[in-house]
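A closer look at the structure
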Amino acid sequence: MGLKIGIVGLPNVGKSTVFNALTRTQNAEVANYPFCTIEPNRAIVPVPDLRLDQLREATGRPNIIYATIEFVDIAGLVEGASRGEGLGNQFLGNIRDTDAILHVVRCFEDPNVVHVRPKPDPAADIETVNTELMLADLEQIERRIERLESQVKGDRKAQPLLDAARGVHAHLAAGRPAATFPDRESDAYRALNRELRLLSGKPVIYAANVGEAELHGESLLVTAVQQAASAEGADVVVLAAALEMELADLSEDERQEYLQLAGVEESGLDQLIRKSYERLGLISFFTMNESEVRAWTISRGTPAPQAAGVIHTDFERGFIRAEVLAHETFLKHGSLPAARSTGELRAEGREYLIQDGDVVHFRFNV
């Protein structure tokens, strides 16, 4: 499964700089005026995984294929976007296609970079963006309720969906995002969200974009972001996007060394990948053939046949069994045959749930 993350925020908070820093490219224009980004910038980034590097080294396979994340740098939102202000309709439509939102919040002072407010105000910025997402969801829900009210007259099976829609409507109208809806684990809500792809129901990670000088010590601006995120149950990453963008052309070792000198233990990309996988409940498993080792991303709790289907539908359709061992066990033996000879290579059936770090060989017949 491909993971797609939309980078959003008010104009001139550093979204395109964050995009360039995370993707280590210079493809997104960075300029000191609103709506510098009109068409979304897109980049597919490999997910670094030391375990996959170790497997390649142990097996001597010539190729390595990492899991990937697609980043989408979306046009800046302004107040009234839900009514079509600025690039509102286009902005909201681009968000709807993502799996999660990286909400960039300005946490740096720079009189040379214009902002929608005289001074950075993270709490107000966050409220503006979240309000527009909720207003857009409200409009969608209202239209869906109208259709469901007509539908339920001839089909009582639609009543749970109507009840869920009314509940979400009341929740949004009270100024609370769909992500905090109490019954969001219910089948009716899940069905509604699959259909509408509620904007305020998407997992959110806040990126507090600071200047290099603010990487050390307390920052009232960052604290404001952390408090807003805590109220929503969201995550926060703190990064100096301008600094990380400047380091994009360096080698991995040089970049890590410079970041460590700047007091940064983990790059913005590494922070985001870790928190995204945790927030979305994702794990990785590994496969190999004569020419490559490869990582695959699935949801935690995925049964073996469905995990096989991520590789190819024929694998799921003709699933027989999965031959499995943990990544650490594989490294101890160096190959599947060696692990099989000690009895540590397990044969698992349809009920087996793939675990993070499993090395898997699928047996199938079609």
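Quick note: structure is the one above.
Attention here is on the structure that accompanies the text. (Residues numbered from 1 in each chain as written. Predicted model: local features only at pLDDT ≥ 70, side-chain atom pairs only at ≥ 80, totals over all residues. Heavy atoms only, no water.)

Topic: the overall build of the chain
Threshold: Put simply, DSSP H or I for four residues or longer makes a helix, DSSP E for two residues or longer makes a strand, and each gets a number counted from the N terminus. We call a residue buried when its accessible area falls under 20% of the maximum for its residue type, exposed when it is over 50%, and partly exposed in between, using a 1.4 Å probe and counting protein chains only. What makes two residues a contact is simply this: any of their non-hydrogen atoms within 4.5 Å. To measure how exposed things are, a 1.4 Å probe is used in the Shrake-Rupley method; for residues, cover is taken only from the protein chains shown.
When its secondary structure is counted, the chain shows 14 helices and 12 strands. Each of the 366 residues in the chain was classed as buried or not, and the buried ones make up 50%. For the chain, the proportion of contacts with a sequence separation of at least 24, taken over those separated by at least 6, is 69%. A total of about 17400 Å² of accessible surface is found on the chain, and carbon and sulfur atoms cover 48% of it.

Describing the pattern of salt bridges
Stated formally: Salt bridges, as used here, are contacts in which a Lys or Arg side-chain nitrogen is within 4 Å of a carboxyl oxygen on Asp or Glu.
Inspection of the entire model under this criterion finds 20 salt bridges. A single salt-bridge network, built from bridges that share partners, covers Arg321, Glu323, Arg340 and Arg363.

Considering helix α10 (residues 268–280)
Spelled out, the test is: In a helix, the anticipated span is given by 1.5 Å times the number of residues less one.
The first and last C-alpha atoms of α10 sit 18 Å apart over 13 residues, in line with the 18 Å expected at 1.5 Å per residue. Backbone geometry just downstream of α10 places Gly281 in the positive-phi region, at approximately 65 degrees.

Description of the packing of helix α4 (residues 122–151) against helix α6 (residues 187–196)
Which entries qualify depends on this criterion: Axes here mean lines fitted to C-alpha atoms, for a helix over just the part in contact, with angles spanning 0 to 180 degrees between N-to-C directions. In these notes the angle categories are as follows: under 35 degrees is roughly parallel, over 145 is roughly antiparallel, 65 to 115 is roughly perpendicular, and the rest is oblique. Throughout, a crossing is termed right-handed when the near helix is turned clockwise from the far one, and left-handed when it is turned anticlockwise from it by less than a right angle. Under the scheme applied here, ten amino acids are nonpolar (Ala, Val, Leu, Ile, Met, Phe, Trp, Tyr, Cys and Pro), four are charged (Asp, Glu, Lys and Arg), and all others, including Gly, are polar.
Closest axis-to-axis distance for the α4/α6 pair is 12 Å, and the angle between their directions is 115 degrees. Taken together, α4 and α6 sit at an angle that is classed as roughly perpendicular. Considering only the axes of α4 and α6, their crossing is right-handed. Residues Gln140, Ile141, Arg144 and Arg147 of α4 form the contact with α6, whose own contacting residues are Leu192, Glu195 and Leu196. Among the residues making up the contact of α4 with α6, the classes are represented as three nonpolar, one polar and three charged.

Focus on the environment of Thr287
How we decide: Whenever a nitrogen or oxygen atom comes within 3.5 Å of another N or O atom, the pair is scored as a polar contact, on the condition that within protein one atom can donate a hydrogen and the other can accept it, and that pairs from neighbouring residues in sequence are kept only if both atoms are in side chains.
Of note, Thr287 is situated in strand β8 (residues 282–288). Residue Thr287 is classed as buried on the basis of its relative accessible area, which comes to 12%. In this structure, the C-alpha to C-alpha distance between Thr287 and Ile311, residues 24 residues apart in sequence, is 9.5 Å. Those residues in contact with Thr287 that lie beyond four places of it in its chain are Glu292, Val293, Arg294, Trp296, Ile311 and Val360. At a separation of 2.8 Å, a polar atom in the side chain of Thr287 contacts the side chain of Trp296.

Regarding helix α1 (residues 15–23)
Burial analysis of α1 places nine of its nine residues in the buried class, which makes it a mostly covered element. Every buried residue of α1 is accounted for by Lys15, Ser16, Thr17, Val18, Phe19, Asn20, Ala21, Leu22 and Thr23. Of the residues one or two after α1, Arg24 is the one with positive phi, at around 55 degrees.

Some remarks on the packing of aromatic side chains
To keep it simple, the criterion reads: Note on aromatic contacts: the rings of Phe and Tyr and the six-membered ring of Trp form a pair at centre separations within 6.5 Å, being stacked when their planes are under 30 degrees apart, edge-to-face when over 60 apart, and tilted otherwise.
For the structure shown, the criterion picks out four aromatic pairs. Look at Phe285 and Phe362: their rings are 6.1 Å apart centre to centre, the planes differ by 90 degrees, and that puts the pair in the edge-to-face class. Remark: Phe362 occurs in strand β12 (residues 358–364) and Phe285 occurs in strand β8; sequence separation between them is 77 residues. One exposure class covers both Phe285 and Phe362, and it is buried. Aromatic rings pair up to connect Phe285, Phe319 and Phe362 into one cluster.

Quick word on the sheet that holds strand β6 (residues 204–209)
To be explicit about the condition: DSSP-based pairing: two strands are paired if at least 2 bridges between them are found.
Within the open sheet, the six strands sit side by side as β2-β4-β1-β5-β6-β7. Their pairing is mixed. Both edges of this open sheet fall to β2 (41–46) and β7 (235–239), since each of them pairs with a single strand only. The average angle at which neighbouring strand axes cross in this sheet is 25 degrees, direction not considered. Two strands pair when backbone bridges link them, and strand β1 (residues 3–8) and strand β4 (residues 68–73) are joined in this way by five bridges, in the parallel orientation. When the bridges of β4 are listed, Lys4 appears paired with Glu70. Its contacts with the sheet place α4 against β5 (100–106) and β6, and it is angled at close to 145 degrees to β5.

Details of the side chain of Gln140
Structurally, the position occupied by Gln140 is in helix α4. By relative accessible area, Gln140 is classed as buried at 16%. Within polar-contact distance, the side chain of Gln140 engages the side chain of Arg96 at 2.9 Å. Excluding residues within four positions of it along the chain, Gln140 makes contact with Arg96, Leu196 and Leu198.

Here's the deal with the nonpolar core
Soluble globular proteins: nonpolar side chains tend toward being buried together. Using the following cut-off: By nonpolar core we mean a set of buried residues, namely Ala, Val, Leu, Ile, Met, Phe, Trp, Tyr and Cys, connected to one another through side-chain atoms within 4.5 Å.
Of all hydrophobic cores here, the largest spans 70 residues; its most connected members are Phe71, Leu102 and Tyr206. With residues up to four places along the chain from it excluded, the contact list for Phe71 reads Ile5, Ile7, Phe19, Leu22, Thr23, Asn41, Arg42, Ala43, Val45, Leu269 and Leu272. Of all hydrophobic cores here, the second largest spans 18 residues; its members include Val152, Ala178, Tyr189 and Leu198.

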